[in-house]
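Structure at a glance
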Amino acid sequence: GTLAAAEKEGAARPAGTTGRRGSPPSRQPNTVAMRPDVTVTVSRAASALTVADASGQTIFYAPVTTGSEHDPLPIGEWKVNGVQFNPPFNYNPELFWDADPSHAKAKLPSGPNNPVGLVWIDLSKEHYGIHGTPEPSTIGRTQSHGCVRLTNWDALKLAGMVKPGTRVVFSE
């Protein structure tokens, strides 16, 4: 006999076989680690975010909101720490200049109306990130509390291009 006949009779399969015909299912690669190196640049003056590949070619552009007079964009170089999809929002009135000091800390659940939208790209600058918004019409028009805000669809696209360690440059 065949392998099927041997299995019916209770015999052991040869080592390393599944009992199925054809090739074994392929393993998915670690796609985050395999992403090419890119540089994310945010220009405060242009209210724009660009992503450049290793050769310096721009491969993505998006309009952004980049802070305010009270919470300006932190000019400098940072790194991506990680990406969180459908994040909760941790409200801490101590971090917002315009918050009512009598308000308590709160954790808002993830969802379409969450203040940070569908994705949070955590940066090495504490309390700062690149994120989406439930109000795409506000991009480039209203102020933020220092973070870089994109439409949810642009934030999701960017999240698919970065990985921990990705260089992020905030410029005037």
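This write-up is about the structure you can find in this document. Predicted model, so just to flag it, every value in this text is computed and none were measured.

**Regarding the sheet that holds strand E3 (residues 58–63)**
- With respect to topology, eight strands assemble into an open sheet ordered E3-E2-E1-E10-E4-E7-E8-E9, the strand pairing being mixed. Across the chains shown, the open sheet's two edge strands, defined by having one partner strand only, are E3 and strand E9 (148–149).
- Here five bridges tie strand E1 (residues 39–43) to strand E10 (residues 167–171), and the two strands are oriented parallel to one another. Each bridged residue has a counterpart across the sheet, and for Thr39 the counterpart in E10 is Arg167.
- Where helix H3 (residues 152–159) meets the sheet, it contacts E1, strand E2 (48–52), E3, strand E4 (76–85), strand E7 (119–123) and strand E8 (129–131), and its direction lies at approximately 50 degrees from that of E7.

**Overview of H3**
- Along H3, the positions that sit buried rather than exposed are Asn152, Asp154, Ala155, Leu158 and Ala159. Here the buried residues of H3 occupy an arc of 165 degrees about the axis, which is enough to place them on one side.
- On its buried face, H3 is in contact with E1, E2, E3, E4, E7 and E8.

**Describing the nonpolar core**
- One finds Leu49, Ile130 and Leu158 to be the most contacted residues of the largest nonpolar core, which totals 24 residues.
- Among the secondary structure elements, those contributing two or more residues to this core are E1, E2, E3, E4, E7, H3 and E10.
- When near neighbours in sequence (up to four residues on either side) are disregarded, Leu158 contacts Val40, Leu49, Val51, Phe60, Ile121, Ile130 and Leu150.

**Things to note about the environment of Val119**
- Examined against the element boundaries, Val119 turns out to sit in strand E7.
- Taking the C-alpha atoms as reference points, Val119 and Leu150, separated by 31 residues in sequence, lie 10.0 Å from one another.
- When sequence neighbours within four positions are dropped, the list of residues in contact with Val119 reads Val83, Gln84, Phe85, Pro87, Ile130, His131, Gly132, Ala155, Leu156 and Ala159.

**A look at a nonpolar patch on the surface**
- On the surface, Val83, Phe85 and Leu156 cluster together into a nonpolar patch covering about 230 Å² of accessible area.
- Mapping Leu156 onto the fold places it in helix H3.
- A relative accessible area of 34% means that Leu156 is categorised as partly exposed.

**Here's the deal with the pattern of salt bridges**
- By the definition in use, this model includes three salt bridges.
- For Asp37, the salt bridge identified is with Lys163, shortest N-O distance 3.1 Å. One end of the pair, Asp37, is in the loop between helix H2 (31–34) and E1; the other, Lys163, is in the loop between H3 and E10, and 126 residues separate them in sequence.
- Arg44 is paired through a salt bridge with Glu172; the nearest N and O atoms lie 2.8 Å apart. Of this pair, Arg44 sits in the loop between E1 and E2 while Glu172 sits in the segment after E10, placing them 128 residues apart in sequence.

**Some details on the pairing of E3**
- Both E2 and E3 contribute to a ladder of five bridges, which runs antiparallel. Note that in E3 the partner of Leu49 across the bridge is Ala62.

**Regarding the pairing of E7**
- Burial of E7 is extensive: four of the five residues sit out of reach of the surface.
- Where E4 and E7 come together, five bridges link them in antiparallel fashion. Bridge pairing in E7 places Val83 opposite Ile121.
- The loop that links E7 with its antiparallel partner E8 comprises five residues; one of these, His127, has a positive phi angle of about 75 degrees.

Calculation rules
- Residues numbered from 1 in each chain as written.
- Predicted model: local features only at pLDDT ≥ 70, side-chain atom pairs only at ≥ 80, totals over all residues.
- Heavy atoms only, no water.
- Pairing = 2+ DSSP bridges.
- Helix = DSSP H or I, 4+ residues; strand = E, 2+ residues; numbered from the N terminus.
- Contact = heavy atoms within 4.5 Å.
- Axes fitted to C-alpha atoms, helices over the stretch in contact; angles between N-to-C directions.
- Buried < 20%, exposed > 50% of the residue type's maximum accessible area, 1.4 Å probe, protein only.
- Arc of directions from axis to C-beta.
- Core = buried A, V, L, I, M, F, W, Y, C linked by side-chain atoms within 4.5 Å.
- Patch = residues over 30% accessible without salt bridge, like charges linked within 9 Å, V, L, I, M, F, W, Y side chains within 5 Å.
- Areas by Shrake-Rupley, 256 points an atom, 1.4 Å probe, with all protein chains shown as cover.
- Salt bridge = Lys/Arg side-chain N within 4 Å of Asp/Glu carboxyl O.

Shape is all these values report; function is a separate question.
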